[in-house]
Amino acid sequence: MKNFIKTLIYDLKINNAKSKVVILLFRLSTIHAKTKILYPLSLVFVILNKIVNEFFLGVELSYHLKIGKGFKIWHANSVIINRNCVIGDHFVIRQCCTLGGNKRGIDINFKVGNNVEMGAHSCIIGDDIEIGDNVKIGVGTLVMKSVPSDKVVISSNKMVILDN
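Before going into details, it helps to say that this report is about the structure given with it. In this text the structure is predicted, and so the values were computed from the model without any measurement.

### Here's the deal with the packing of helix 1 (residues 2-14) against helix 2 (residues 17-34)
- Look at helix 1 against helix 2: their axes get within 9 Å of each other, and the N-to-C directions meet at 165°. One way to sum up the angle between helix 1 and helix 2 is to call them roughly antiparallel. The hand of the helix 1/helix 2 crossing is right-handed. Contact residues: helix 1 offers F4, T7, L8, D11 and L12, while helix 2 offers K20, I23, L24, R27, L28, T30, I31 and K34.
- Within the contact of helix 1 with helix 2, the residues separate by chemical class into 7 nonpolar, 2 polar and 4 charged.

Written out as structure tokens, the structure reads:
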């Protein structure tokens, strides 16, 4: 619980007002997946996360989602992250981004490393994708396969992976 509080405080410090609300409700709702001791209280946060984040702001962050510390949302609009994604520390996402995909109807293996940044309107979709550490994904880029660490991915007519 001590690490949870440190992570929450750190995340709130690095985000703007609207994103603070999103992250606060998301982090508090994750208590529901971690413990059954606070069940009635944590269920309230799950419901608030659904109503405020998903319905009003269009930010879909399931309480089952695992995201490390330093989660930053630049503009909390139209962000969708699949519930089975496992995301490392210092993940930065901007508006209108999607992570995950599930064309097979089963749980996916979707991992995002530390220090990954997603530009506005970018998507990482597919099954069994791994994004390495220190990856930057450019604006409007569609990523449909794994990307090794320390790469920059941009979009032209086809996906291009550049060295940092």
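From this point, things continue past the structure.
### Quick word on the packing of aromatic side chains
- Counting across every chain of the model gives 3 aromatic pairs.
- With a centroid separation of 6.1 Å and an interplanar angle of 20°, the aromatic rings of F71 and F91 are classed as stacked. Note that F71 is positioned in the loop between strand 2 (66-67) and strand 3 (72-73) and F91 in the loop between strand 5 (85-87) and strand 6 (92-93), a separation of 20 residues in sequence. For the pair F71 and F91, a shared accessibility class is recorded, and that class is buried.
- One aromatic cluster in this structure is built from F26, F71 and F91.
- Seen from the ring of W74, K72 lies directly overhead, with NZ or CZ sitting 4.1 Å from the centre.

### Structural notes on the sheet that holds strand 1 (residues 59-61)
- The 5 strands lie next to each other as 1-4-7-10-13, forming an open sheet whose pairing is parallel. Each end of this open sheet is capped by a strand with a single partner; those strands are strand 1 and strand 13 (142-143).
- Both strand 10 (residues 123-124) and strand 13 contribute to a ladder of 2 bridges, which runs parallel. Residue pairing in the sheet places I124 in a bridge with V143 of strand 13.

Rules behind the numbers
Residues numbered from 1 in each chain as written. Predicted model: local features only at pLDDT ≥ 70, side-chain atom pairs only at ≥ 80, totals over all residues. Heavy atoms only, no water. Axes fitted to C-alpha atoms, helices over the stretch in contact; angles between N-to-C directions. Helix = DSSP H or I, 4+ residues; strand = E, 2+ residues; numbered from the N terminus. Parallel < 35°, antiparallel > 145°, perpendicular 65-115°, else oblique. Left-handed = near helix turned anticlockwise from the far one by under 90°. Contact = heavy atoms within 4.5 Å. Nonpolar A, V, L, I, M, F, W, Y, C, P; charged D, E, K, R; others polar. Phe/Tyr/Trp six-rings, centres within 6.5 Å; stacked < 30°, edge-to-face > 60°. Buried < 20%, exposed > 50% of the residue type's maximum accessible area, 1.4 Å probe, protein only. Lys NZ or Arg CZ within 6 Å of the ring centre and 35° of its normal. Pairing = 2+ DSSP bridges.

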